[in-house]
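# Results of the structural survey
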Amino acid sequence: MMPPTEPRWVRYTLITVAMLFLTGLVVLPLLLVFAEALRQGLSAYFTALTDPDAWAAIKLTLLTAAVAVPLNLIFGVSAAWAITKFDFKGKSLLITLIDLPFSVSPVIGGLIFVLLFGLQGWFGPWLRANDIQILFTPIAIILATIFVTFPFVARELLPLMQEQGRQEEEAARVLGASGWQIFRRVTLPNIRWGLLYGVLLCNARAMGEFGAVSVVSGHIRGETNTMPLHVEIMYNEYAFTGAFAVASLLALLALVTLVAKSLLDAVLERREQRVP
Amino acid sequence: MTSLPSPLDSPTLPPSPTYLRRWGWKRPSVLPGFGLTMGFTLFWLSLIVLIPLGGMILKTATLGWDAFFNAISTPRVLAALRLSIGGALIAAIINAVFGSIIAWVLVRYRFPGRRLADALVDIPFALPTAVAGIALTTLFAQNGWLGAPLDKLGIQVAYTPLGVIVALIFVGLPFVVRTVQPVLADLDPEIEEAALCLRASRWQTIRRVILPSLFPALVTGTALAFARAVGEYGSVIFIAGNLPMVSEIAPLLIVIKLEEFSYAEATAIGTVMLSFAFLMLLALNGLQRWSRRYEEA
């Protein structure tokens, strides 16, 4: 029996509505980024990208991701191990707290560090007395980025490791393996694709974060501007080629992340089919 | 979705009642590393999330109730909160409608470009918000690709509250599609065939059979889109025009207050938004438990 379906005209109408919505809201903005970036020609595009301020922004963005992503990776693995391999009270509260940075506004992710390290903040007077500056330096940018990307790796690993259970690790333990050996030889091979997935998403967000970083950066050109902040400044100065050129790099990063994500999806699907 | 197993499921220890009464806050296990990983987790969670957020709440507490209330009850703050919450609500409802249609089309129909369309749904997740913001603004500006034809019809999107809603629809879209899609794909075709055999019309089947089973996922997805949109900043500020009382969102007002060094007001607005986010998180946890029960039933 054919599965029941709608009349042909309903099907075509729904497909058209869905595709028009996606085109207007997603495809056109994406195309527009590249069209605007290349509008003045390739040489203007590369001039905009090799501008010293743009370069400084690219370097700061790479540095931020290079610090924030590994730290959140270690945190994510460690939280997932503690939560999925053991039973303890308050587990769901702990998971909710780990998720919290996802549900608060990114601006709050910046505000809290201003309230800690700003002049009127909790540590402000002490920092000033000791002549230490944290706010409006790359340190604050990195802290705010760690905050907003905090749950990414843990979130990917929790359901995965929960599903895999703990029998394999317990068997390894009974056979005399040490904790580190169990993790490296048993757990890691099981979770590596999920881990990679989490790292990819974490990295994309770390490089693209705008709200939290914008609050703590101080927008000092060449020093505390990340790529998204550079895009904002250029755009507000009507330097559209400069803004969209750097924006096109960020859009490329998003596209590469999505392609890698769908490749990983395919790998995971094939693995699931192989293991009954 | 897998739920956390009860302690009785673990094969390591026999489920003896006397034993269960004895384990305090943590069940003993043969696996090593609990102290280390739990210690590091709590340390890092406190350092990055709990202490900074606690610092903000403490700061609000030092304001006193009157100062707090005065800070958040000015017309400008109320208008900003209304726009952030109201705009997010409208955007979430529009996403509920179009997100369901997109999920339906992607799961049920086969057409050229389906896989590409499926991949495109994730773009709003991955595209940095500032990039989305300037792209949407240029697209909907008076001389933009979509803004120009709309302008001929007398509709202004960029630099109006309508622009805020367009940006919020953009950021919320994947939440609805990605929550509804798997449930729709898992729906048993036999119940639809049964409805057909019972001579239900296709519309009756959709309304009485399919929609009720999608409902929990749809509500959850819409709530996720709403929660994200309330706090959204980057994609909105470019397109909004940011006129006080008209198109100024709450997160932007926090930034403006900080730039004016009115920490107290910024903190007060921040605390209101944090409380709102926490309430949404609790509601979402409840929703997800509800829909999981619904799926299992």
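Provided above is the structure to which this section pertains.
Here's a quick rundown of the structure. (Residues numbered from 1 in each chain as written. Chains lettered and ligands numbered in written order. Predicted model: local features only at pLDDT ≥ 70, side-chain atom pairs only at ≥ 80, totals over all residues. Heavy atoms only, no water.)

### Digging into the overall build of chain A
Operational definition: To qualify as a helix, a DSSP run of H or I must reach at least 4 residues; to qualify as a strand, a run of E must reach at least 2; elements of each kind are numbered from the N terminus. For every residue, the accessible area obtained with a 1.4 Å probe (protein chains only) is divided by the maximum for its type, and the residue is called buried under 20%, exposed over 50%, and partly exposed between those limits. Whether two residues are in contact is decided by their heavy atoms: any pair within 4.5 Å suffices. To be clear on the numbers: accessible area is Shrake-Rupley with a 1.4 Å probe, and residue cover counts the displayed protein chains and nothing else.
For chain A, the count of helices and strands is 13 helices and zero strands. When the helices and strands of chain A are placed in sequence order, the string is α-α-α-α-α-α-α-α-α-α-α-α-α. With the C-alpha coordinates of chain A rotated into their principal frame, the extents come out at 70 × 60 × 30 Å. The proportion of buried residues among the 276 residues of chain A is 54%. Nonlocal contacts in chain A, meaning residues at least 24 apart in sequence, comprise 73% of its contacts between residues at least 6 apart. Of the accessible surface of chain A, which amounts to about 12,500 Å², a share of 65% is contributed by carbon and sulfur atoms.

### What about the pattern of salt bridges?
Pairing between side chains of opposite charge can happen when their charged atoms approach one another. Filter applied, for reference: Salt bridges are defined as contacts in which a side-chain nitrogen from Lys or Arg sits within 4 Å of a carboxyl oxygen from Asp or Glu.
According to the stated counting rule, one finds 17 salt bridges over all chains in the structure shown. In this structure, Lys91 of chain A and Asp87 of chain A form a salt bridge, with 3.6 Å as the shortest nitrogen-oxygen distance. Lys91 of chain A gets classed as buried once you look at its relative accessible area, which sits at 8%. Of the charged contacts, one joins Glu192 of chain B and Arg108 of chain B as a salt bridge, the two residues approaching to 2.8 Å between their closest N and O atoms. Here Arg108 of chain B lies in helix α4 (residues 75-108) and Glu192 of chain B lies in helix α10 (residues 189-197), a separation of 84 residues in the sequence. Relative accessible area serves as the criterion here: at 2%, Glu192 of chain B is assigned to the buried category.

### A word on the packing of helix α5 (residues 106-117) of chain A against helix α7 (residues 138-148) of chain A
All names here are of chain A. Rules: To get an axis, fit a line to the C-alpha atoms, keeping to the stretch in contact for a helix; angles then go from 0 to 180 degrees between the N-to-C directions. Just so you know how the angles are binned, under 35 degrees is roughly parallel, over 145 roughly antiparallel, 65 to 115 roughly perpendicular, and the rest oblique. Left-handed describes a crossing in which the near helix is turned anticlockwise from the far one by less than a right angle; the clockwise case is right-handed.
It is the contact of α5 with α7, at a shortest axis distance of 9 Å, that shows an interaxial angle of 135°. It follows that α5 is oblique to α7 by the angle criterion. Judged by the sense of rotation from one axis to the other, the crossing of α5 with α7 is right-handed. Here α5 contributes Pro106, Gly109, Ile112, Phe113 and Phe117 to the contact with α7, which in turn contributes Leu143, Ala144, Phe147 and Val148.

### Digging into the interface of chain B and chain A
Cut-off, in case you're wondering: Simply put, the buried area is the total loss of 1.4 Å probe accessible area from both parts when two parts are fitted together. Under this definition, polar contacts are N or O atom pairs within 3.5 Å; protein pairs additionally need one hydrogen-donor-capable and one acceptor-capable atom, and for neighbouring residues in sequence, both atoms have to be side-chain atoms. Residue classes follow a fixed rule: Ala, Val, Leu, Ile, Met, Phe, Trp, Tyr, Cys and Pro count as nonpolar, while Asp, Glu, Lys and Arg count as charged, and any other residue, Gly among them, counts as polar.
In this assembly, 94 residues from chain B lie in contact with 96 residues from chain A. In total, chain B and chain A occlude about 8,600 Å² of area from one another, counting both sides; carbon and sulfur atoms represent 81% of this. For the interface between chain B and chain A, the tally reads two salt bridges. Between Asp122 of chain B and Lys261 of chain A there is a salt bridge whose closest N-O contact spans 2.8 Å. Our enumeration of links across chain B and chain A arrives at 15 residue pairs in polar contact (both at pLDDT 80 or more). If you tally residues by element for the side of chain B that touches chain A, the top one is helix α2 (residues 34-63) of chain B, at 18 residues. Counted by class, the side of chain B that touches chain A contains 68 nonpolar, 19 polar and seven charged residues.

### Brief notes about unusual backbone geometry
Residue and element names in this part refer to chain A. Located in the positive-phi region is Asp131, a residue other than glycine, with phi close to 60°. Structurally, Asp131 can be placed in the loop between α6 (124-129) and α7. Using a relative accessible area of 72% as the deciding quantity, one classes Asp131 as exposed. At Tyr238, a residue that is not glycine, the phi angle is positive and equals roughly 60°. Summarising the element assignment, Tyr238 is placed in the loop between α12 (227-236) and α13 (240-274).

### A closer look at the nonpolar core
Defined as follows: As used in this record, nonpolar core signifies buried Ala, Val, Leu, Ile, Met, Phe, Trp, Tyr and Cys residues forming a set joined through side-chain atoms within 4.5 Å.
Grouped together as the largest cluster of nonpolar side chains are 189 residues, with contacts concentrated most on Ile98, Ile108, Phe113 and Phe147 of chain A together with Ile102, Leu127 and Ile254 of chain B. The contact partners of Ile98 of chain A, leaving out residues within four places of it in the chain, are Phe75, Ala79, Ile83, Phe150, Pro151 and Ala154 of chain A together with Thr41 and Leu45 of chain B.

### Considerations on the packing of aromatic side chains
Each aromatic ring pair is specified by the distance between its two centres and by the angle formed by the two planes. Residue and element names in this part refer to chain B. In plain terms, the rule: Only Phe, Tyr and Trp rings are paired, with Trp represented by its six-membered ring, and only when their centres lie within 6.5 Å; those with planes under 30 degrees apart are stacked, over 60 edge-to-face, the remainder tilted.
Here the structure, examined in full by the defined rule, presents 26 aromatic pairs over all chains. Note on Phe215 and Trp290: the rings are 6.5 Å apart at their centroids and 85° apart in plane angle, and the pair reads as edge-to-face. You can see Phe215 sitting in helix α11 (residues 202-230) and its partner Trp290 sitting in helix α14 (residues 263-296), a full 75 residues away along the chain. Judged by relative accessible area, Phe215 falls into the partly exposed class, the value being 46%. The partly exposed category is assigned to Trp290, whose relative accessible area is 31%.

### Focus on the packing of α10 of chain B against α11 of chain B
Residue and element names in this part refer to chain B. Two numbers describe how α10 lies on α11: the axes approach to 10 Å, and their chain directions differ by 130°. The angle between α10 and α11 falls in the class oblique. Crossing handedness for the pair α10 and α11: right-handed. Between α10 and α11, the contacting residues are Ile191, Glu192 and Ala195 on the first element and Arg202, Thr205, Val209 and Ile210 on the second. Residues that form the contact of α10 with α11 fall into these classes: four nonpolar, one polar and two charged.

### Some points on the side chain of Gln181 of chain B
Residue and element names in this part refer to chain B. Here Gln181 is to be found in helix α9 (residues 161-186). Under the relative-accessibility criterion, Gln181 is labelled buried at 13%. Of the polar contacts made by the side chain of Gln181, one reaches the side chain of Asp118; its length is 2.9 Å. Excluding its chain neighbours within four sequence positions, the residues that come into contact with Gln181 are Ala103, Leu106, Val107 and Asp118.

### Here we look at the environment of Thr37 of chain B
As for its placement among the helices and strands, Thr37 of chain B is situated in helix α2. With near-sequence residues (within four places) excluded, Thr37 of chain B lies in contact with Ser78, Trp81 and Ala82 of chain A. Of note is the side chain of Thr37 of chain B, whose polar atom sits 2.7 Å from the backbone oxygen of Gly33 of chain B.

### A short note on the side chain of Thr96 of chain A
Here Thr96 of chain A lies in helix α4 (residues 91-103). The class of Thr96 of chain A is buried, set by a relative accessible area of 11%. With residues up to four places along the chain from it excluded, the contact list for Thr96 of chain A reads Leu281 and Asn285 of chain B.

These values are about where atoms sit, not about what they do.
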